[in-house]
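In case you want the letters, here they are:
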Amino acid sequence: MKPQDLLRPRPEGLYCPPGDFFIDPVRAVDRALITHGHADHARAGHRAVLATKETLDIMRLRYGNDFAETRQAAAYGERIGMGGVTVSFHPAGHVLGSAQIAVEAGGLRIVASGDYKRHVDATCAPFEPVRCDVFITEATFGLPVFVHPAPEIETARLIASLAQFPERAHIVGAYSLGKAQRVISLLRAGGHDAPILIHGALARISRYYQGQGIKLGRLEPATVEEGTATRAAGQVVVAPPSVLGDRWTRRFADPLSVFASGWMRIRQRAKQRGVELPLILSDHADWNELTATIRETGAGEVWVTHGREEALVRWCEINGIAARPLNLVGYEDEAE
Amino acid sequence: MRRFAELLDRLVLTPARNGKLRLLADYFKAVPDPDRGYALAALTGGLDFPSVKPAMLRALVSERMDEVLFAYSYDYVGDLAETISLVWPAPDVAEQDAPPLGTVVETLNRVSRSDAPTVMADLLDRLDPSARFALIKLATGGLRIGVSARLAKQALAAMGGKDIGEIEELWHGLDVPYEPLFAWLEGRAGKPESAARALFRPVMLAHPVGEGDLEKLDPTNYVAEWKWDGIRVQAVSEGGVKRLYSRTGDEISDAFPDLMDAIGEDIALDGELLVGDPREKTGSFSDLQQRLNRKSVSKRMLADYPVFMRCYDLLQRGDEDVRPRPFTERRALLHEVLPALDPRRFDLSPLVEFTDWAELEDRRSNPPHPVIEGVMLKRRDAAYLPGRPKGPWFKWKRDPFTVDAVLMYAQRGHGKRSSYYSDYTFGVWAGAEDDPQLVPVGKAYFGFTDEELKLIDKYVRDNTVERFGPVRSVRAEPGHGLVLEVAFEGLNRSTRHKSGVAMRFPRIARLRWDKPAAEADRIEALTALLAE
């Protein structure tokens, strides 16, 4: 069997003809396998969904109980037959419940990584490399300029700033599923015990994380009617990145905008968004992690999707690995 | 080096001018000599390391990484120094091993061209990405971090409670790393006595005439003179030292030996630098451009594009600083001194006669020479004051030309606009009336607000036809397209452009969301201007 007979891009997403299913389809389909709960990968309206239990839970939290007609949970490592192929889910280290999906038939194994990272993250299971013939990798940070520093160094800068600017509320823009909980978890690990205020958009997901045994400490709602001139001074407020510089922040004391994102590695990105304290903190693999992971999978062929495909394809060429961009549409991670 | 890198990082992320001033003043207060003096020199363009060139840094990187991967990275980041600082494969280094700024500057000052690559590579290896960025900016000159030399001087003035004019006047008599200057600003020593001669005098600037300004002014209090389209310069000669300055106080003497030779003794003149022979011909701005931004000039260049100075004002005559005198007196003195100078190199900018604003408006709209870009209004009794005082001087520029063009291509900007499509190529219709084709006529990347930039950026992304690297071609047909009202100062014939015309100083005047693309202008509207 040729790889493109096992998985191929279609407008709806990555399609497996012998198994008749899609991986992370961007439109409603009959059968969908979902790598993780971020909205651009996990959409509502498919008839049947196969995903990890956590991902199914997160989809239910976001879309309601009837987000799909039938739902099946896959445990990490469990081998599941789908028509003529076997699929299995393996930890991707991206967010809680995130998985790579291995698809096998006729002695050929393709791993679709979804989004992944290799840095330590206390809020989800660590990435497990899976040997395969074809590795489908994301490339959100697929340029040599993206090297994420150790996460605790970045949150230590936030903790230092709280002491340096005790009169200002520190508004941390962080993606509401995964990044927000990871920032909070890192702050706790760094010794920051004070209550953390969270935007309403983070409340249910954060409660779910806590229910799964992830320690986030004391969280309080940030969304109140009236602000005062000293509200949240010297405190951390975590909110979706879209509120940074928005009117929402006016309820807090002299807001200082902090953005936790891999994009903050680029000075002008921080400048454009009016970020005063950039934290380089990402749930995606950086350049070194991407290239190391490609080697570890032992894949002879790499398909590159969403992000800076061309640079990673070039790296594969230099290193004697066949590679091509997949040109899947619909995954763009500006808010990462 | 750490402190300096931190200062640059914070300056980049601090949008407010006052915030920048505070960061700078705090830095100058906190950091000891000589580091702060070197930082000041870096911010004001006072450092030059001829042994370090961007090309050399690129070569160093290409020894360390694949060139294609570097090219992708550079295209994405948009800034060479930042790209190199991010991709440089450095071992993790202890912060305390990083050399201080003073040591870095002294090392770079001494280094020979042949040793420079090794020395730079060694420094880069010892710094973290942020300090690598600072080092490269420092070594290659041109920090471009949104801090002008004037802002740095303003911070010094704030730090010492002095007037910026005092600092500008002293400036060219001072040497890096400015220890006597800091001692004076900190009140530990007196004002530095300058032994240097032919110093710069801070230039007097004009406000544009605003809506309703003229009605409040009495025309009899003002004289008018033509505003020439060259570059404003100051020529100073003192005790045998002759210098030519730009309006920001940068010395540009070396590029204009023809003019320098002709400056008389002990005099300071304010005027416009132009190309040609004042007795016969005043060349256009594009002629003058042949002479700008050159470090040396060939004989051929001197013969083909001679420069001269059209004088507006006199600042110094012999021992007398005439700046406190009224304009009319200075003008009379200028009349007296000019005949002694070479008439091929110096002449007097003529006054424009008028009795009321309507008459002046008429003359402004119909200038007698194409190299005139408007009129200047100067109060008869005004002294020559540094800076841009409100009231004594006004500039009243000719209205710009405008054309309605259609957006054709958009390119991602560099620097702070690196994720926006902010450089626009636009075209006008040509060919048959019933089958018109767009021909590109120019490119503009400013004139719009940040809000408008976001809207155009979105339009570009939503209407992309094709992508070529950082450039997108945008849907532009008679039935669908974005019309841009483009303002420009003039039009030159061009063999390099398919349309045959090149615009001067084009900028986006207005977004015409309301106007159908088919109703944008045709090329004949532009070629008609050329014929004039």
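Residues numbered from 1 in each chain as written. Chains lettered and ligands numbered in written order. Predicted model: local features only at pLDDT ≥ 70, side-chain atom pairs only at ≥ 80, totals over all residues. Heavy atoms only, no water.

Student: Before we move on, could you go through the domain arrangement of chain B and cite the residues and values that matter?
Tutor: What the domain assignment lists for chain B is domain 1 (2–140), domain 2 (207–397) and domain 3 (401–531). The gap between the C-alpha centroids of domain 1 of chain B and domain 2 of chain B is 39 Å. (Domains from an automatic or database assignment.)

Student: Let's hear about the nonpolar core: which residues, and what values?
Tutor: Residue and element names in this part refer to chain B. Met-1, Phe-4, Phe-28 and Leu-138 are the most contacted members of the largest nonpolar core, which has 119 residues in total. Leaving out residues up to four positions away in the same chain, Met-1 has contacts with Pro-99, Pro-100, Leu-101, Val-104, Leu-127, Ala-131, Ala-134, Leu-135 and Leu-138. Core analysis: the next-biggest nonpolar cluster, separate from the first, contains 31 residues, Ile-456, Val-460, Leu-482 and Leu-526 among them. (Core = buried A, V, L, I, M, F, W, Y, C linked by side-chain atoms within 4.5 Å. Buried < 20%, exposed > 50% of the residue type's maximum accessible area, 1.4 Å probe, protein only. Contact = heavy atoms within 4.5 Å.)

Student: Tell me what's going on with the environment of Asp-57 of chain A, and back it up with residues and numbers.
Tutor: Residues and elements named next belong to chain A. Inspection of the secondary structure puts Asp-57 in helix α2 (residues 53–63). Along the chain, Asp-57 and Val-26 lie 31 residues apart, while their C-alpha atoms are 19 Å from each other. A distance of 3.1 Å separates polar atoms of two side chains, one belonging to Asp-57 and the other to Arg-60. (Helix = DSSP H or I, 4+ residues; strand = E, 2+ residues; numbered from the N terminus. Polar contact = N/O pair within 3.5 Å; in protein donor to acceptor, adjacent residues only side chain to side chain.)

Student: Before we move on, can you summarise the side chain of Ser-98 of chain A with the specific residues and values?
Tutor: With respect to the element layout, Ser-98 of chain A can be found in the loop between β8 (85–91) and β9 (99–105). At 2.9 Å, the side chain of Ser-98 of chain A forms a polar contact with the backbone oxygen of Val-95 of chain A.

Student: I'd like a description of the pairing of strand β17 (residues 471–474) of chain B, backed by residues and values.
Tutor: Residue and element names in this part refer to chain B. Two elements, strand β13 (residues 401–412) and β17, share 3 bridges in a ladder whose sense is antiparallel. For Ala-410, the partnering residue across the bridge sits in β17 and is Arg-472. Bridge analysis of strand β16 (residues 464–468) against β17 gives 4 bridges, and the strand direction is antiparallel. Opposite Arg-467, over in β17, you have Arg-472 as the bridge partner. (Pairing = 2+ DSSP bridges.)

Student: Which residues make up the pattern of salt bridges, and what values do they have?
Tutor: Residue and element names in this part refer to chain A. Scanning all chains against the criterion turns up 64 salt bridges over all chains. A salt bridge links Asp-283 to Arg-182, with the shortest nitrogen-to-oxygen separation between them at 3.0 Å. Here Arg-182 lies in helix α4 (residues 179–189) and Asp-283 lies in the loop between β17 (277–279) and α7 (287–297), a separation of 101 residues in the sequence. Arg-182 gets classed as buried once you look at its relative accessible area, which sits at 2%. (Salt bridge = Lys/Arg side-chain N within 4 Å of Asp/Glu carboxyl O.)

Student: Requested: an account of the domain arrangement of chain A, with residues and values cited.
Tutor: All names here are of chain A. Looking at the assigned domains, one finds that chain A contains domain 1 (3–145 + 284–325) and domain 2 (151–279). Look at where the C-alpha atoms of domain 1 and domain 2 centre, and you get two points 29 Å apart. Facing the 20 residues of domain 1 at the interface are 18 residues of domain 2. Between domain 1 and domain 2, the buried area comes to about 1,700 Å², and carbon and sulfur atoms account for 65% of it. In this assembly, domain 1 and domain 2 are joined by 1 salt bridge. For the salt bridge of Arg-182 with Asp-121, the shortest nitrogen-to-oxygen distance reads 3.7 Å. Counting across the domain 1 and domain 2 interface gives 6 residue pairs in polar contact (both at pLDDT 80 or more). Of the residues contributing to the side of domain 1 that touches domain 2, the split by class is 9 nonpolar, 5 polar and 6 charged. (Buried area = accessible area lost by both parts, 1.4 Å probe. Nonpolar A, V, L, I, M, F, W, Y, C, P; charged D, E, K, R; others polar.)

Student: Quick one: what's the story with the packing of aromatic side chains, residue by residue and with numbers?
Tutor: All chains considered together, the criterion is met by 23 aromatic pairs over all chains. Clustering of aromatic rings is evident, with ring pairs tying together Phe-141, Phe-146 and Trp-263 of chain A together with Tyr-76 of chain B. Seen from the ring of Phe-133 of chain B, Arg-267 of chain A lies directly overhead, with NZ or CZ sitting 3.7 Å from the centre. The ring of Trp-263 of chain A carries the charged tip of Arg-269 of chain A above its face, separated from the ring centre by 4.4 Å. (Phe/Tyr/Trp six-rings, centres within 6.5 Å; stacked < 30°, edge-to-face > 60°. Lys NZ or Arg CZ within 6 Å of the ring centre and 35° of its normal.)

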